[in-house]
Number of protein chains: 2
Amino acid sequence: MTKTDIATRVHNHTWKLDPIVRSLLDTDFYKLLMLQMIWKLHPRVHAKFTLINRTTSVRLADEIDEQELRDQLDYVRSLRLSKKELIWLAGNSFYGRAQIFEPEFLAWLSNLQLPEYQLSKRDGQYELTFAGSWMETTLWEIPALAIINELRSRAAMRSLGYFTLDVLYARAKAKMWSKVERLRELPGLRISDFGTRRRHSFLWQRWCVEALKEGVGPAFTGTSNVLLAMDSDLEAVGTNAHELPMVAAALARNDEELAAAPYKVLKDWNRLYGGNLLIVLPDAFGTASFLDHAPEWVADWTGFRPDSAPPIEGGEKIIEWWKKMGRDPRQKLLIFSDGLDVDAIIDTYRHFEGRVRMSFGWGTNLTNDFSGCAPHEIAGLKPISIVCKVSEANGHPAVKLSDNPRKATGDAKEVERYIKFFGSRDRVEQAVLV
Amino acid sequence: MTKTDIATRVHNHTWKLDPIVRSLLDTDFYKLLMLQMIWKLHPRVHAKFTLINRTTSVRLADEIDEQELRDQLDYVRSLRLSKKELIWLAGNSFYGRAQIFEPEFLAWLSNLQLPEYQLSKRDGQYELTFAGSWMETTLWEIPALAIINELRSRAAMRSLGYFTLDVLYARAKAKMWSKVERLRELPGLRISDFGTRRRHSFLWQRWCVEALKEGVGPAFTGTSNVLLAMDSDLEAVGTNAHELPMVAAALARNDEELAAAPYKVLKDWNRLYGGNLLIVLPDAFGTASFLDHAPEWVADWTGFRPDSAPPIEGGEKIIEWWKKMGRDPRQKLLIFSDGLDVDAIIDTYRHFEGRVRMSFGWGTNLTNDFSGCAPHEIAGLKPISIVCKVSEANGHPAVKLSDNPRKATGDAKEVERYIKFFGSRDRVEQAVLV
């Protein structure tokens with residue numbers, strides 16, 4: 001006898017929306033740490049975030065239906081933190097620290113609704129921006145990206161039959177598992193999931209996280225995704241991002257404040273968090289300039305996250321600087337997180353083995369690698385390089401230079417001004433694939 | 001909200017038996033064709049079938065629980081053909097022929113229950129035999145083998161967690177699909193599923209059949225599994241097997257009848273079926289001897305199925321014989337079915353391309369290839385060479401020589417006698433993997 005549950009069948013064929021982001025915790029952990037800092041120190045700053053598709057050959061507005069996009073974004077605006085989520089944020093330890101979130105912050109967070117978005121089309125691309133209080137707009141970055149990416153993969157798979165989908169996911173799982181087997185060869189590896197924003201889909205990210213957990217065991221140190229961390233009892237990982245120095249620089253009233261901006265945010269961070277959370281992200285306005293002018297105390301921080309220089313060259317520069325500052329790199333931590341795949345992870349691991357502590361934040365190529373998995377080539381399954389960056393703070397343009405000119409964001413004239421100001425030594429152009 | 005269907009959950013956790021063979025049609029088509037011949041011509045012959053595990057290093061009685069085996073065999077004894085199945089057998093065309101089964105035969109079949117089995121353990125192996133009317137015992141061959149093989153793979157997977165199973169099947173699907181992609185390169189290929197008896201499981205066979213159907217399109221000419229053919233509207237394929245000449249030889253009362261036995265069964269077959277069903281299986285007592293003494297009319301048959309000689313050498317011998325008999329091999333068909341995998345299929349196809357019509361019956365390596373798929377090596381997932389052969393007819397020992405001495409079956413003294421009688425030219429020892 002064939003058994004079909006009628007209610008399930010009817011439900012599956014009549015649903016209005018399959019929400020992509022179903023919880024405000026389906027975001028990166030560092031957004032919450034930064035949000036608490038913004039809430040505490042910059043509650044009146046106004047910040048605008050802008051979606052930027054660097055892969056301009058992909059015309060997102062042609063691939064993704066506008067109404068579907070609006071429905072998904074609207075759904076996120078209907079979300080509030082649940083009691084269970086708030087209790088977990090209050091009761092869980094993060095980076096070994098209890099009560100990292102203040103009760104007043106959590107009380108404020110419990111009422112948070114994501115603000116309105118502005119959406120239009122231009123030249124086959126979406127212009128999607130979020131303007132308002134920095135405390136509110138900052139949380140749009142991750143869900144906006146996750147929605148765009150998953151809507152794109154859904155569109156790419158719409159015409160596939162059941163069997164083709166079955167083979168697609170079987171191959172993707174087999175591929176993922178062969179990566180796991182290679183990573184298992186690296187003793188003492190530390191690797192975590194940074195793949196929320198550019199994931200193929202939520203369910204696929206969850207599978208990949210489960211695969212890493214099963215496959216590499218204690219080498220898997222956690223996920224940046226707060227919801228997955230909560231649901232699977234994993235460590236939530238991540239510290240801070242470029243938006244902090246970008247806003248600080250945009251708000252600088254003179255050259256002195258501009259020069260001090262990258263270090264001022266670190267000072268604030270140290271006051272709030274300290275401990276294992278002291279990870280420097282040095283490349284907002286170029287790592288060379290950052291190191292040249294960094295005060296002595298920056299060398300006391302736990303580690304650096306070089307995010308746009310080639311990993312080996314970038315890591316060597318930082319090690320050199322630690323040595324110059326009289327620190328032992330073997331006590332220090334480098335977190336690699338830029339466009340990694342297994343080959344880059346293995347090469348980098350082998351290169352620095354024994355010379356510095358290392359950790360890898362594995363993103364797009366963990367949660368969105370379907371290359372070679374479809375029975376025929378499907379362009380829409382190839383991940384694109386898409387970001388959602390702060391573009392204005394209190395009306396001033398916000399800019400990122402990065403160590404790779406192709407990853408620079410912001411108004412062109414303002415980028416020019418920053419390059420003149422911070423210099424461009426060691427900035428190396430590299431293709432940005434993801 | 002997590003939705004769990006309570007009835008399904010409770011059912012899944014309390015079921016008594018997950019039957020492996022759920023229909024008497026879950027068997028090879030040639031068993032039904034042969035059965036009709038037995039019913040018509042040899043209704044009073046008594047035949048005993050015996051399970052033979054050639055992979056003696058695998059101790060089946062240690063791997064498979066006896067009670068589980070009895071439960072599965074008992075379940076098959078509870079089966080009867082359903083009305084739908086009988087109507088389909090009566091109404092469907094096989095090999096382009098309507099009403100291949102006589103109404104009287106189907107009426108008899110509708111009441112058929114499989115007879116009792118004899119099961120005991122000895123030296124870590126099961127002694128499993130089926131004794132009784134040939135018309136009834138013959139149908140035990142396929143379900144008995146399918147049950148042993150699936151119970152063995154279930155036992156091998158019992159300790160695996162959900163995730164490991166997920167990776168196992170994902171890899172097996174990816175592996176199967178890469179075979180499909182290679183087969184797709186062969187224009188005019190004709191390939192069918194012969195994998196029922198040694199399948200990993202029924203569901204996996206169904207998936208593999210579906211994969212071939214989707215992947216190679218019209219090159220997929222059908223399945224030997226009658227149930228899958230009915231359910232998926234595929235051609236049911238297969239003609240005759242060794243048990244016909246084996247029983248005929250066992251019943252021979254003198255040397256003259258023994259020498260004539262292999263050809264007498266073909267004559268009977270021709271009277272009953274004719275047309276596309278005229279496929280010679282020449283190796284029961286050695287192909288060389290068979291060809292040496294074959295009457296002229298054997299060369300008029302559609303084709304040969306060399307089943308134990310190396311495919312290229314075996315095929316060449318038959319082509320040579322056709323030429324000697326003045327027939328054009330390009331009008332003739334060779335069906336290869338012995339331990340094939342993709343490499344052998346491609347090599348054989350390339351070798352004979354344009355010189356003869358070819359068809360491939362793909363068995364164990366289609367439906368039971370999990371090599372390299374488990375996250376760690378699992379011995380119980382490696383297929384074994386197991387058969388269920390007629391061992392006695394009316395109390396006389398039944399024997400098969402085959403072109404590969406390792407595939408010979410039957411009483412050792414009797415095998416010696418047959419070798420002396422039929423000769424052993426061209427018999428080549430080859431490892432029997434499956």
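If you look chain A up in an unreviewed UniProt entry, it shows as Nicotinate phosphoribosyltransferase from Peteryoungia desertarenae. Quoted verbatim from the Catalytic activity (unreviewed entry) field of UniProt, the annotation for chain A is "5-phospho-alpha-D-ribose 1-diphosphate + nicotinate + ATP + H2O = nicotinate beta-D-ribonucleotide + ADP + phosphate + diphosphate". In the Pathway (unreviewed entry) part of its UniProt record, chain A is described as follows: "Cofactor biosynthesis; NAD(+) biosynthesis; nicotinate D-ribonucleotide from nicotinate: step 1/1."

S.K.: Kindly report on the layout of surface pockets, identifying the contributing residues and their values.
M.R.: Unfilled space is identified by rolling a water-sized probe across the atoms. All names here are of chain B. Of the pockets and cavities examined, the second largest pocket occupies roughly 950 Å³. What lines the second largest pocket is a set of 49 residues, and nearest its centre among them are F194, G238, R305, I335 and S337. Secondary-structure elements contributing two or more residues to the lining of the second largest pocket are helix 12 (243-250), strand 8 (333-336), strand 9 (357-362), helix 17 (364-367) and strand 10 (386-393). Residue composition of the lining of the second largest pocket, by class: 17 nonpolar, 17 polar and 15 charged.

S.K.: Account for unusual backbone geometry, naming residues and giving values.
M.R.: Residue and element names in this part refer to chain B. Phi angles above zero are rare outside glycine, and Y95 is one such case at about 50°. Residue Y95 is classed as partly exposed on the basis of its relative accessible area of 25%. The phi dihedral of D233 is positive, around 55°, even though this residue is not glycine. For D233, the position within the fold is in the loop between helix 11 (226-232) and helix 12. A relative accessible area of 71% places D233 in the exposed class.

S.K.: Tell me about the interface of chain B and chain A, residues and numbers included.
M.R.: Interfaces are frequently sized by the accessible area removed from exposure as the parts join. Chain B puts 17 residues into the contact, and the matching count from chain A is 17 residues. Its largest share of buried area at the contact with chain A, chain B owes to B:F163, B:R171 and B:W177, together 37% of the area lost on that side. The interface formed by chain B and chain A includes four salt bridges. When the shortest N-O distance is used, the salt bridge between B:R171 and A:E181 registers 2.9 Å. Counting every contact that joins chain B to chain A gives six residue pairs in polar contact (both at pLDDT 80 or more). When contributions to the side of chain B that touches chain A are tallied by element, the ones reaching two or more residues are helix 9 (162-183) and helix 10 (202-216) of chain B. In terms of residue count, the dominant contributor to the side of chain B that touches chain A is helix 9 of chain B (eleven residues). Here the residues of the side of chain B that touches chain A sort into eight nonpolar, two polar and seven charged.

What counts, and where the lines are drawn
Residues numbered from 1 in each chain as written. Chains lettered and ligands numbered in written order. Predicted model: local features only at pLDDT ≥ 70, side-chain atom pairs only at ≥ 80, totals over all residues. Heavy atoms only, no water. UniProt positions renumbered as here; feature names shortened; annotations may be inferred. 1 Å grid on protein atoms, 1.4 Å probe; cavity = no way out; pocket = protein on both sides within 12 Å on 5 of 7 lines; lining within 4 Å. Points joined across faces, edges and corners; volume = space filled by probe spheres on them. Helix = DSSP H or I, 4+ residues; strand = E, 2+ residues; numbered from the N terminus. Nonpolar A, V, L, I, M, F, W, Y, C, P; charged D, E, K, R; others polar. Buried < 20%, exposed > 50% of the residue type's maximum accessible area, 1.4 Å probe, protein only. Contact = heavy atoms within 4.5 Å. Buried area = accessible area lost by both parts, 1.4 Å probe. Salt bridge = Lys/Arg side-chain N within 4 Å of Asp/Glu carboxyl O. Polar contact = N/O pair within 3.5 Å; in protein donor to acceptor, adjacent residues only side chain to side chain.

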